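Listed below are the residues making up each chain.
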Protein chains: 2
Amino acid sequence: MAVVVQKYGGSSVATIEKIKAVAERVIERKKKGDEVVVVVSAMGKTTDHLINMAKEISPNPNRRELDMLMSTGEQVSIALLSIAFQQFGYDAISLTGFQAGILTEGMHTKNRIADVRIENVKKHLDEGKIVIVAGFQGINQFGDITTLGRGGSDTSAVALASKLKCTCEIYTDVEGIYNVDPRMYSDAKKLDNISYEEMMEMASLGAGVMEARAVEIACKYNIPIYVALNTGEKLGTYIKEYDETMENKAITGLTASDDVLMVTIRNVPCKAKSIALIFERIAKYNVNIDMISQTAPLDGYVNVSFTTSKEDIYTIDDITKEIKKEIPTIKVSKELDISKISVVGIGMMKQSGVAAKVFSILSENNIEFKQVTTSEISISYTIDSIDKGRAVTALAKELNL
Amino acid sequence: MAVVVQKYGGSSVATIEKIKAVAERVIERKKKGDEVVVVVSAMGKTTDHLINMAKEISPNPNRRELDMLMSTGEQVSIALLSIAFQQFGYDAISLTGFQAGILTEGMHTKNRIADVRIENVKKHLDEGKIVIVAGFQGINQFGDITTLGRGGSDTSAVALASKLKCTCEIYTDVEGIYNVDPRMYSDAKKLDNISYEEMMEMASLGAGVMEARAVEIACKYNIPIYVALNTGEKLGTYIKEYDETMENKAITGLTASDDVLMVTIRNVPCKAKSIALIFERIAKYNVNIDMISQTAPLDGYVNVSFTTSKEDIYTIDDITKEIKKEIPTIKVSKELDISKISVVGIGMMKQSGVAAKVFSILSENNIEFKQVTTSEISISYTIDSIDKGRAVTALAKELNL
């Protein structure tokens, strides 16, 4: 008898009918003799609706209270799904994040899972129940309800699977992981397999299907993730440890992200202390910086540009005000029409010349880039958003994706 | 510096605008130097909406899961209200039932408060915060989220006030406690004061404004309850210990309730054991029986009738099926068109003849009653619902209410 964790996203439980359909699918699996832990997100657009109510009251609502508010969305889903199982004659129990032992740490609305006390889930599984766990949420050391940020339900599912040492199946409204987002490139191909490392890189670079943190946990515990269509009709994608049977191409995938806020701080005195102060302040607020560039010094001043997520725009305002108090010379500007294009492939470790090839493709197409970063298995470029479509098509074609 | 618990019901927080208005009222009080604990219900018809979703899946949803589902309603309200306080510049924190230390026992959807661990609420009050507590909910010894049944938010508020040894103010959409429901009798008068005992009796007999359990807790700890309009414009009603300054009328109030399910079990073998078995089974399911009547034995069989709340109709079906297994002769029928009329007054303890007077008023108006029960300070009659309006008007007029 095997245990499996299945996760269904918001679009899979958007209506009462869809909740019943999820229950039926889980029951099919249970009939095959598996024990199932189901992780669900909030129904459809519930989270957006809740956030909109909060924003009607305050443009920048307190984050602890946002967590309190948003976590109700998943709580509704788990209760309704449990009622559906019982209506179909199956014993089931719903558990909130804290009841499922999901302990978190970090900043409200962006918590990380610190640990999962799996005993309660195991106890109910041992009693033959289908266990339904609210995704996206946990409880911190102060007893406050916390949420895990974007893609948090995937992280919940993978963390539970890691503790249960079982496969984690993520059901969604796409067929699996594509080498390029099919909405941007119609000839994109679905991958049968992808390594943890490539998936982490693609996720953190903007591929919307899976969050990097979820893949990171799966990688750490070597738990396979299977991403597939929520109807179960087609073969999905396995995210697992790299092995030689995987395709040996230099480039596995291409991602593009519009979630780029480029902040430029001009007139920074050209001292190591000033630059350090800027990034210390940013770190203090838990804002993740992606790319950084700096101009050559002129008259003792430099300009520093960095990119971050658009959702940090209010926090960036707070931070830059704080910095201006200590370095009054600075001038801050923000650009929102920036996109990031990245190519990812574990084969890049062995095959050289990928960066050169990408540069030449962009240049042939007259696409200017602002910043470049590379990792062992990826190269990323920021470009003007207006050039994104052309860049994706040109790169996907020339790189045979 | 005094502490006060204020409770606002669902209609007081039905919209974002109303939530802001509640925040402003509480802040006025806070400015006067009081520390405020605010207990809120779910927004408007949220609870009904949640229950309807559950009933779309199952006609008789699992009660633990209903609690899980319903408790989200209050959680949304507390988060939004807290965001409102913070937007107005006041430090506030929302607490769910379990975070506020509200421990419960009993049956899901009908739990009772076993204890309140008040430390967390006190800690936040001491830090100068406005503390917002989700009404209607708590947590039981298994760590399950529980709800307190109808009027549960009042009970939460009074239980918190009892632990904080302070007044509990209940703000609602009526001006206070009336001697007769004004919707049934337009000449009804608002009471300035009512004793705990009379209020408990009126509440348990169907006066909708306050739940009996809430008043019982206030009585036990001698905490005054003030019931008033949520705009604060008019003087409300104090529910407090009886004293001689209160009106010395035989009858303080009249209540009428349609929440009566009359169950008749025919062909019960005329043995003490059979009757005992029926009421043992009912007790096992935590169903509260109100009135009981029994016909004279005929051929060794009796008919037993009892009344209970309409919300127990499904449980009654389960119970009578179980009883039928052990006493196969019985036939069960249920009547739903029954109302209960009660007159209540602490003065009845001293003044005799109230029962006789009520009987004669009903009889003069050709109103037949089915069952009668009396307590020290009340007399109740079940009648056909069709006679209710006539009975209320006749009794209210003749008894000068």
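Rules of the game
- Residues numbered from 1 in each chain as written.
- Chains lettered and ligands numbered in written order.
- Predicted model: local features only at pLDDT ≥ 70, side-chain atom pairs only at ≥ 80, totals over all residues.
- Heavy atoms only, no water.
- UniProt positions renumbered as here; feature names shortened; annotations may be inferred.
- Axes fitted to C-alpha atoms, helices over the stretch in contact; angles between N-to-C directions.
- Helix = DSSP H or I, 4+ residues; strand = E, 2+ residues; numbered from the N terminus.
- Left-handed = near helix turned anticlockwise from the far one by under 90°.
- Contact = heavy atoms within 4.5 Å.
- Nonpolar A, V, L, I, M, F, W, Y, C, P; charged D, E, K, R; others polar.
- Buried < 20%, exposed > 50% of the residue type's maximum accessible area, 1.4 Å probe, protein only.
- Arc of directions from axis to C-beta.
- Expected span 1.5 Å × (residues − 1).
- Phe/Tyr/Trp six-rings, centres within 6.5 Å; stacked < 30°, edge-to-face > 60°.
- Lys NZ or Arg CZ within 6 Å of the ring centre and 35° of its normal.

The name given to chain A in an unreviewed UniProt entry is Aspartokinase, with Clostridium malenominatum as the source organism. Reading the Function (unreviewed entry) entry of the UniProt record for chain A gives the comment "Catalyzes the phosphorylation of the beta-carboxyl group of aspartic acid with ATP to yield 4-phospho-L-aspartate, which is involved in the branched biosynthetic pathway leading to the biosynthesis of amino acids threonine, isoleucine and methionine." For chain A, the Sequence similarities (unreviewed entry) comment in UniProt is given as "Belongs to the aspartokinase family."

(A) A look at the packing of helix α8 (residues 272-284) of chain A against helix α9 (residues 313-326) of chain A. All names here are of chain A. Put simply, α8 and α9 touch, their axes get as near as 10 Å, and they point 145 degrees apart. The element α8 and its partner α9 pack so that their crossing is right-handed. Between α8 and α9, the residues in contact are Leu277, Ile278, Arg281, Ile282 and Lys284 and Ile319, Glu322, Ile323 and Glu326, respectively. Of the residues that constitute the contact of α8 with α9, the class distribution is five nonpolar, no polar and four charged.

(B) Quick peek at helix α4 (residues 119-126) of chain A. Residue and element names in this part refer to chain A. Within the sequence span of α4, burial applies to Val121, His124 and Leu125. Here the buried residues of α4 occupy an arc of 105 degrees about the axis, which is enough to place them on one side. In α4, the exposed positions that point more than 90 degrees away from the buried face belong to Glu119 and Asp126. Looking at the buried positions of α4, the neighbouring elements they touch are β1 (3-8), β2 (35-40), β3 (92-95), β6 (130-134) and α5 (152-164). Trailing α4 by a residue or two, Gly128 shows a phi angle of about 85 degrees, which is positive.

(C) Inspection of helix α2 (residues 46-57) of chain A at higher detail. All names here are of chain A. Here α2 is 12 residues long and its end C-alpha atoms lie 17 Å apart, about the 16 Å a rise of 1.5 Å per residue gives. Every buried residue of α2 is accounted for by Thr47, Leu50, Met53, Ala54 and Ile57. The buried residues of α2 occupy an angular sector of 125 degrees when the element is viewed end-on, so they sit on one face.

(D) Looking closely at the UniProt feature "domain: ACT" (unreviewed entry) in chain A. The UniProt feature table records "domain: ACT" (unreviewed entry) at residues 263-341 and 343-401 of chain A. A helix fraction of 34% and a strand fraction of 37% characterise residues 263-341 of chain A, whose end C-alpha atoms lie 18 Å from each other.

(E) Inspection of the packing of aromatic side chains at higher detail. Residues and elements named next belong to chain A. If you walk through the whole model with that rule in mind, you get 13 aromatic pairs over all chains. Taking the centre distance of 5.3 Å and the plane angle of 20 degrees together, the rings of Tyr8 and Tyr171 count as stacked. Highlighted residues: Tyr8 in strand β1 and Tyr171 in strand β9 (residues 167-172), separated in sequence by 163 residues. Tyr171 carries the same exposure label as Tyr8, and that label is buried. Between Phe359 and Phe369 the ring centres are 5.1 Å apart and the planes differ by 50 degrees, which places this aromatic pair in the tilted class. Here Phe359 is found in helix α10 (residues 354-364), whereas its partner Phe369 is found in strand β17 (residues 369-375), with 10 residues between them in sequence. We note Arg25 situated over the ring of Tyr171; from NZ or CZ to the ring centre the distance is 4.6 Å.

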